[in-house]
Amino acid sequence: MNRRKFLRNSIFTASALTIVPRHVLGGYNYLAPSDQLTKAIIGVGGMGRGHIEYPGSRLIAICDVEKKNLDIALKTCPSGTKTYHDYRDLLLNPEIDIVHIASPPHWHGQMSVDAARAGKDIWCEKPMTRTIGEGIRVREAVQAHSRVFRLNTWFRFKDSFYGMNTPVEPIKKIVESGLLGWPLKITVNAATGFDWKFYWVGKTGLATEPVPASLDYDMWLGPAPFKPYNEHRVHGTFRGYWDYDGGGLGDMGQHYLDPVQYILGKDHTSPIRVDVDTAQQDSDACGTWKRIELTYADGCKIVLDGDNKDTNAAYIEGPKGKLYPNLRSDIPDLEKKVAAMPNPEVQMTDFSEAVRTRQKFALNEDNGFRSNTMVNMAIIAVRLGRSLKFDPEKLQFIDDPAANALINQPMRGPFQL
């Protein structure tokens, strides 16, 4: 075995000491205040190219299995940026502090685990992982190797939250105050300002097409099952296939549901039941669905209204009151009451500072795993077309082998978690 293969294989071993990142040699506190953290981006399609710069970091490397993506990205990258075809070679670079994973979701789990084992801190695009089992492995690896992990959906701590037209903070204050009562029902549909993007559907009966010379299709598939190449499987339309994502639910689910989890104070648990109303799904191509209900042990319920049937729905409804978009409510003087309420606990929302000080980021491998689990529970129920019961502690479905088989799905070739 030559040296390159030896080093590449070593990153898959948790105890490997071959890779020694610079922060291990001197510690982040040895960096001068003016010294920026270094980062690399894996996947420089549309999303990856949108994150070439973020505060406190300096891009030094990019990676993609599509040569066209690399060529386009290099035009806006800093001079001297290194390019890689295989992300495993990129992880061997000890000068890289942070790895930004902007690949399709079927790669998120494998790349996050390998990055943690290689001593890199991780900024990962949503969804965190394509399966519940991959999420478990990512959480374990990040914590075992003392990494800082950020999941890139930010609505729990910044920006206006879709149709609510307000940051999440005042909504959380209202819920925590008890003004709406308990348990609560939250409805996510067009009436409350959320689009499930049902245009992310796959096609059946795809014809086999020649693979473009610029694309390493085998590496693009990576841990996913082999399927003959068709342009509709990759790049802008891959979200329509279960092997790579979960349609509009996989694309937007964590954006929409992570703030709900935070609002309800459910960061350390999961729903115990998921009920679905859906047409039969194809085994390969994602389809649409009508309704999904996720219910917690205390009776709180999240309704994903794909049919937009509840045209007059409140975003949050409790036994004492309702809250609509724009903070409209049937509670008198709500605005004054919110202003007088204490603010939620301060969150660490500067990723570079979290890396330097080794603090948990606001949306990390723990709470991000839980909101991702909600999405993956819903996807599994839609794929099977039936209601499921779930154990939030054991992280398994109850008395349903077919559902549990989708928690840890087979991975192809040398890729294993």
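As a reminder, the structure under discussion sits directly above these lines.
To start, this report covers the structure provided alongside it. Since the model is a prediction, treat every value here as computed from it, not as a measurement. (Residues numbered from 1 in each chain as written. Predicted model: local features only at pLDDT ≥ 70, side-chain atom pairs only at ≥ 80, totals over all residues. Heavy atoms only, no water.)

**Here we look at the environment of M128**
Mapped onto the secondary structure, M128 falls in the loop between β5 (121-125) and α7 (132-144). Given the relative accessible area of 1%, M128 is considered buried. Sequence separation between M128 and R370 is 242 residues, and the spatial gap between their C-alpha atoms is 9.9 Å. The contact partners of M128, leaving out residues within four places of it in the chain, are H108, G109, G135, V138, F149, L151, Q254, E365, G368, F369 and N372. (Helix = DSSP H or I, 4+ residues; strand = E, 2+ residues; numbered from the N terminus. Buried < 20%, exposed > 50% of the residue type's maximum accessible area, 1.4 Å probe, protein only. Contact = heavy atoms within 4.5 Å.)

**Remarks on the environment of A279**
Mapped onto the secondary structure, A279 falls in the loop between β8 (273-277) and β9 (291-295). A C-alpha to C-alpha distance of 36 Å links A279 and D330, two positions 51 residues apart in sequence.

**Side note on the sheet that holds strand β12 (residues 321-324)**
Here 9 strands make up an open sheet; going across it, the order is β13-β12-β11-β7-β10-β9-β8-β14-β15 and the pairing mixed. The sheet terminates laterally at β13 (328-329) and β15 (396-397), the two strands that pair on one side only. Sheet analysis places strand β7 (residues 185-188) next to strand β11 (residues 316-318), joined by 2 bridges and oriented antiparallel. When the bridges of β11 are listed, I186 appears paired with I316. (Pairing = 2+ DSSP bridges.)

**Brief notes about the sheet that holds strand β3 (residues 82-84)**
Taken in spatial order, the 6 strands make up an open sheet running β3-β2-β1-β4-β5-β6, and their pairing is parallel. Where the open sheet ends on each side, the last strands, each with one partner, are β3 and β6 (149-152). The mean inter-strand angle of the sheet, taken between neighbouring strand axes irrespective of direction, is 25°. In terms of strand pairing, β5 meets β6 through 4 bridges, oriented parallel. The partner of W123 across the bridge, within β6, is R150. Along the sheet, helix α4 (residues 67-74) contacts β2 (57-63) and β3; its crossing angle with β2, the most-contacted strand, is approximately 155°. (Axes fitted to C-alpha atoms, helices over the stretch in contact; angles between N-to-C directions.)

**A short note on the nonpolar core**
Core analysis: the biggest nonpolar cluster contains 111 residues, and L90, I292, L304 and I316 have the highest contact counts within it. For this core, the leading source of residues is helix α13 (residues 367-384), giving 9 residues. Beyond its immediate stretch of four places on either side in the chain, I292 contacts L249, V274, D275, V276, I302, V303, L304, A378 and V382. Core analysis: the second largest hydrophobic core is formed by 8 residues, I52, L59, I62 and C77 among them. (Core = buried A, V, L, I, M, F, W, Y, C linked by side-chain atoms within 4.5 Å.)

**Examining the packing of α7 against α13**
Orientation of α7 relative to α13, taken along the N-to-C sense of each, is 165°, at an axis distance of 9 Å. Looking at the two axes, α7 sits roughly antiparallel to α13. Classified by chirality, the crossing of α13 by α7 is left-handed. Mapping the contact onto sequence places I132, G135, I136 and R139 in α7 and F369, T373, N376, M377 and I380 in α13. Across the contact of α7 with α13, the residue classes break down as 5 nonpolar, 3 polar and 1 charged. (Parallel < 35°, antiparallel > 145°, perpendicular 65-115°, else oblique. Left-handed = near helix turned anticlockwise from the far one by under 90°. Nonpolar A, V, L, I, M, F, W, Y, C, P; charged D, E, K, R; others polar.)

**Quick word on the environment of A102**
Within the secondary structure, A102 is located in the loop between β4 (98-101) and α6 (108-117). By relative accessible area, A102 is classed as buried at 14%. Sequence separation of A102 and I42 is 60 residues, and the distance between their C-alpha atoms is 5.8 Å.

**Some points on the side chain of S371**
For S371, the position within the fold is in helix α13. At 2.9 Å, the side chain of S371 forms a polar contact with the side chain of Q254. S371 has contacts with Q254, D258 and Q261, leaving out every residue within four places of it along the chain. (Polar contact = N/O pair within 3.5 Å; in protein donor to acceptor, adjacent residues only side chain to side chain.)

**Overview of the pattern of salt bridges**
Applying the stated criterion across every chain, the model contains 23 salt bridges. With a shortest N-O distance of 3.1 Å, K172 and E176 are connected by a salt bridge. Here K172 pairs with E176, and both are found in helix α8 (residues 168-177), just 4 residues apart, close to one helical turn. A residue is classified by how much of its surface remains accessible, and K172, at 7% relative accessible area, is buried. (Salt bridge = Lys/Arg side-chain N within 4 Å of Asp/Glu carboxyl O.)

**What to know about the packing of α6 against α7**
Contact geometry of α6 with α7 gives a least axis separation of 9 Å together with a crossing angle of 15°. Relative to α7, the element α6 lies roughly parallel. Relative to α7, α6 is oriented so that their crossing is left-handed. Across the interface between the two elements, G109, S112, V113 and A116 from α6 touch E134, R137, V138, A141 and V142 from α7. Among the residues making up the contact of α6 with α7, the classes are represented as 5 nonpolar, 2 polar and 2 charged.

**Comments concerning the pairing of β5**
Burial within β5 is extensive, with 5 of its 5 residues counted as buried. Because side chains alternate across β5, one face comprises the buried residues D121, W123 and E125, and the other comprises I122 and C124, equally buried. Bridge analysis of β4 against β5 gives 4 bridges, and the strand direction is parallel. Following the sheet pairing, H100 is matched in β5 by W123. A crossover connection joins β4 to the parallel β5 through α6; in handedness this β-α-β unit is right-handed. Handedness of the crossover is the feature at issue here: the chain leaves β5, passes through α7, returns alongside β6, and the resulting connection is right-handed. (Right-handed = clockwise from strand over helix to strand, strands pointing away.)

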